[in-house]
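Analysis of the macromolecular model
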Amino acid sequence: MNISIGSKHLLAFQIDNGVTQVAELRVHAKNVSVLKSFSVLTPAGTVEDDGTLVASPTFIKALRYQIQQHGIKTDRGVFCVNSDRIISREITIPYAKRATIVSMLRTNAQDYFPVDVSDYKLDYSVQEQLVENGAKMLRLLVSAVPKPLISSYYELAKQLEIGVEAVDISGNSVLQAVGVNPRMIAKDSDTEGSTYLVANLYSGGTQLTFVKQGTVRLQRTISMGLDGSFETLLKANKEPVSEICGYVPGQVSEEDKINASIAACTKAAELAGAINRIIEYYYSVEGYGNGKIYGTAVGQGILLPAFAAQLFGELDIEYRLPHRASVHADDPGKLGEEYGLYLPCIGACLNPLNLVDRAQGMTLENICAKRRWRERAQFVKRNFVLIAGVSVFFLCLAASALMAGYATVENVTINQTIKDYRQKIEVFSEVAKYQNVKLNAESIRDLLQSYSAKLEQLEQDKLVYDQLKAEHEALAETYRALQEACAQLEQDFVYTDKVYATEYAVYDDFSKSIWKWYEEVMYTLDEDYMNTNNDNLVSFIEELEEKMPSTFTVTAISITDSGLNMGVEVKSKQQAIYVIQALREFETVEIRAISGLTIVDGGSSDLFEEEVEGDPNPTQRVRFTVSLAYTDAFRDQ
């Protein structure tokens, strides 16, 4: 499938902006044991946004010091890489041998990845063997890793003076580790068909691996991760966690713990929202079934037990610690924490991708020879005085055999010389201890400087946040005021539109009736009959339009040769009185009778009762019929 490590001791690294995990592992077939391990806080800026390493001398010294302190002698290095620049894609192809698959990937790489593949190293891992329509198929996870990213890890290996045995991506590492131990969080009481979610938390993102019935069904990586908040989340833990070099829990105040807990709640809610979308996609592919989902957090998630439990609580998923299947220990909790913490490192030693480039680094034989030569030189340098003393001692013994007369004097001299040499060796040992203490102090000083820089950045971010929050509140208040004003304008417009529509309808009906009557008179009466008193009716209508109010409405009209009858509608009683008085002053007509007075939509039917003070009723109408007779002035026109 991929490269095979075989049986050997390996030194595995997983480096992230929050913490660096290092473990010496013994690998045999599919069994990996953690021999020695440690975690150290990573200085800020060591891992760039794209995952490339920029290892500072301080970081290199800290790693060398911890490797020496833990007695790790392994020269073979394995690196587990996290980066959002790594591109992965699942494909299904007919069953083929590895050489054929690699050749096919190189030929069709441009179809799989929308990048210039000449700058990337390509490889694959087999996720599942399938049978479709009677043919054997392979479901592959094809990955493209930037070559500069791989080169940065080779540069780190050169500075640490270790050989590069393998470079693997964390996605494949978790796949391999889960593949050999799919029941790492399963219990016998679990419902059949349950799904196990393994979340690998790191700074640049979160890898989600879904395992069902012993098979990896889905793996996705989301770009939202811890985002450099590892130390803050670490303070939120109520219980001590595994030892991390450079982190002192006793320095955390209660106020820091409270602030860290608030930050953990916010981060857990944000991350849970992104994970929920992947869970819904998983259900859409696999179906809901009868089983539940159980979850665990590996990698840095083990160092953040409180945050991991809160995250899975937000997802409504039972949180469990991982464990090795068929492994029993006096303290299974501690064993599970160690196993989950170094799970990506373990997977990188099982079946890593073939991303190594021997041309970039020193060969393992050169490194081992160089280390042996350096160790021998250091041994000679450290013990030069002692070696010289021993040489002198043997020379003195030889001389004493030849000069028996001077044996006693020479023995005393030799003993004194050896005593002096031993004193010098003790001085050299103290100097060596001082050098180690000085190296550790420099590392701690650099870490404190990076923490101070982070604190200043956080304070600046808080000031910017407060300013933006105030601006947001002012804009929100302005928006609410404009919204209320728009609502009031809309109400006024609706009312005005209704009134206009009613008034226009009445006017339109009146206009149509007048013109209809006029056309009937003009085109139906013969020429002799048209020479009547109604010839001057236009003058009457013009006088009517000139002297009547705008709310005056003629609802009906009946015309004879001697006069006319009109149905009239006005808005109030006062307007009715005004209309009657105005008609009495017309020169062309005179009032014969007024009848049919009616008050519409409320009010009294008495036309001459006293008006009530206040705004008139907008829906009230006064209707009546007036009978008019033509005067002599009308006939003379």
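Note that the structure is a prediction, hence the values are computed from the model and not measured.

1. Examining the environment of glycine 205
Here glycine 205 lies in the loop between β9 (195-201) and β10 (206-212). Here the alpha-carbon distance between glycine 205 and leucine 226, two residues 21 residues apart in the chain, equals 7.0 Å. The contact partners of glycine 205, leaving out residues within four places of it in the chain, are Asn200, Ile222, Ser223, Met224 and Gly225.

2. Quick notes on helix α1 (residues 57-69)
Taking 1.5 Å of rise per residue, the 13 residues of α1 would be expected to cover 18 Å, and the 18 Å separating its terminal C-alpha atoms lies within 8% of that figure. When we look at burial in α1, the residues that qualify are Phe59, Ile60, Ala62, Leu63, Tyr65, Gln66 and Ile67. Glycine 71 lies just past α1 and shows a positive phi near 70 degrees.

3. Thoughts on the sheet that holds strand β14 (residues 318-319)
Sheet strands associate in pairs through backbone hydrogen bonding, adopting either a parallel or an antiparallel arrangement. The 5 strands are arranged β11-β10-β9-β13-β14 in an open sheet whose pairing can be described as mixed. If you trace the sheet from one side to the other, it starts and ends with β11 (215-222) and β14, each paired once. Bridge count between β10 and β11: 7 bridges; the pairing is antiparallel. Across the sheet, residue threonine 209 finds its bridge partner in β11, namely glutamine 219.

4. Details of the packing of aromatic side chains
The full count for this structure, using the stated rule, is 6 aromatic pairs. Between the aromatic rings of tyrosine 282 and tyrosine 283, the centroid separation amounts to 6.0 Å while the plane-to-plane angle is 50 degrees, which identifies the pairing as tilted. Look at tyrosine 282 and you get buried, because its relative accessible area is 1%. Among the aromatic residues, ring-to-ring pairing joins Phe13, Phe79 and Tyr153 into one connected group. Over the ring of tyrosine 95 we find lysine 136, and its NZ or CZ is 4.4 Å from the ring centre. Sitting over the ring of tyrosine 294, arginine 320 keeps its end group 4.0 Å from the ring centre.

5. Some points on the sheet that holds strand β2 (residues 19-28)
Spatially, the 6 strands line up as an open sheet ordered β8-β4-β1-β2-β3-β12, and their pairing is mixed. The two strands at the open ends of the sheet, each matched to only one other strand, are β8 (163-169) and β12 (244-245). As paired strands, strand β1 (residues 8-15) and β2 are joined by 8 bridges and run antiparallel to one another. Within β2, the position partnered with isoleucine 15 by the bridge is threonine 20. Its contacts with the sheet place helix α4 (residues 147-160) against β1, β4 (76-81) and β8, and it is angled at close to 145 degrees to β4. Packing against the sheet, helix α5 (residues 170-180) makes contact with β1, β4 and β8, and its axis sits at approximately 85 degrees to β8.

6. Re the packing of helix α7 (residues 254-286) against helix α9 (residues 305-314)
One can describe the packing of α7 onto α9 by two numbers: an axis separation of 9 Å at closest approach and a directional angle of 45 degrees. Considered as vectors, α7 and α9 are oriented oblique to each other. In the packing of α7 onto α9, the handedness of the crossing is right-handed. Here Ala264, Cys265, Lys267, Ala268, Ala269, Leu271, Ala272 and Ile275 of α7 come into contact with α9, specifically with Phe307, Gln310, Leu311 and Glu314. When its residues are assigned to classes, the contact of α7 with α9 shows 9 nonpolar, 1 polar and 2 charged.

7. A look at the nonpolar core
Side chains of nonpolar character tend, in soluble globular proteins, to be buried together. Leu25, Phe230, Ile279 and Phe307 are the most contacted members of the largest nonpolar core, which has 71 residues in total. Broken down by element, this core gets its largest block of residues, 11 residues, from α7. Sequence-distant contacts of phenylalanine 230, defined by excluding residues within four places in its chain, comprise Gly18, Val19, Leu41, Ile244, Gln300, Leu303 and Leu304. Among the nonpolar cores identified, the runner-up in size contains 32 residues, and Leu11, Phe13, Val47 and Leu63 belong to it.

8. Description of the side chain of lysine 212
Along the chain, lysine 212 falls in strand β10. Although lysine 212 is buried, it makes no salt bridge; glutamate 286 carries the closest opposite charge, 4.4 Å away. In contact with lysine 212, not counting residues within four places along its chain, are Gly193, Ser194, Thr195, Arg217, Tyr282 and Glu286.

9. A short note on the packing of α5 against helix α11 (residues 343-350)
In the contact formed by α5 and α11, the axes pass within 7 Å of each other and the chain directions differ by 85 degrees. On the basis of their axis angle, the class for α5 and α11 is roughly perpendicular. Residue-level inspection shows Ser173, Gln176, Ala177 and Val180 of α5 in contact with α11, the latter providing Leu343, Pro344, Gly347, Ala348 and Leu350. Looking at the contact of α5 with α11, its residues break down into 6 nonpolar, 3 polar and no charged.

10. With respect to the pairing of β2
Regular strands show a simple pattern: their side chains alternate between the two faces of the sheet. Counting buried positions over the 10 residues of β2 gives 8, a clear majority of the element. With antiparallel pairing between neighbouring strands as the criterion, β1 and β2 make up a hairpin whose turn holds 3 residues. As judged from the 10 bridges shared by β2 and strand β3 (residues 31-41), these two strands associate in the antiparallel manner. Paired with valine 19 across the strands is leucine 41, a residue of β3.

11. Notes on the pairing of β4
Extensive coverage of β4 is indicated by the burial of 5 of its 6 residues. As paired elements, β1 and β4 share 4 bridges and run parallel to each other. Across the sheet, the residue bridging to leucine 11 is glycine 77, located in β4.

12. Considerations on a nonpolar patch on the surface
On the surface, Trp515, Tyr518, Met522 and Val538 cluster together into a nonpolar patch covering about 390 Å² of accessible area. At 3 residues, the largest contribution of residues to the nonpolar patch is made by helix α14 (residues 407-524). Among the structural elements, tyrosine 518 can be located in helix α14. Residue tyrosine 518 is classed as partly exposed on the basis of its relative accessible area of 32%.

Definitions and cut-offs
Residues numbered from 1 in each chain as written. Predicted model: local features only at pLDDT ≥ 70, side-chain atom pairs only at ≥ 80, totals over all residues. Heavy atoms only, no water. Helix = DSSP H or I, 4+ residues; strand = E, 2+ residues; numbered from the N terminus. Contact = heavy atoms within 4.5 Å. Expected span 1.5 Å × (residues − 1). Buried < 20%, exposed > 50% of the residue type's maximum accessible area, 1.4 Å probe, protein only. Pairing = 2+ DSSP bridges. Phe/Tyr/Trp six-rings, centres within 6.5 Å; stacked < 30°, edge-to-face > 60°. Lys NZ or Arg CZ within 6 Å of the ring centre and 35° of its normal. Axes fitted to C-alpha atoms, helices over the stretch in contact; angles between N-to-C directions. Parallel < 35°, antiparallel > 145°, perpendicular 65-115°, else oblique. Left-handed = near helix turned anticlockwise from the far one by under 90°. Nonpolar A, V, L, I, M, F, W, Y, C, P; charged D, E, K, R; others polar. Core = buried A, V, L, I, M, F, W, Y, C linked by side-chain atoms within 4.5 Å. Lys, Arg positive; Asp, Glu negative; His and termini not counted. Salt bridge = Lys/Arg side-chain N within 4 Å of Asp/Glu carboxyl O. Patch = residues over 30% accessible without salt bridge, like charges linked within 9 Å, V, L, I, M, F, W, Y side chains within 5 Å. Areas by Shrake-Rupley, 256 points an atom, 1.4 Å probe, with all protein chains shown as cover.

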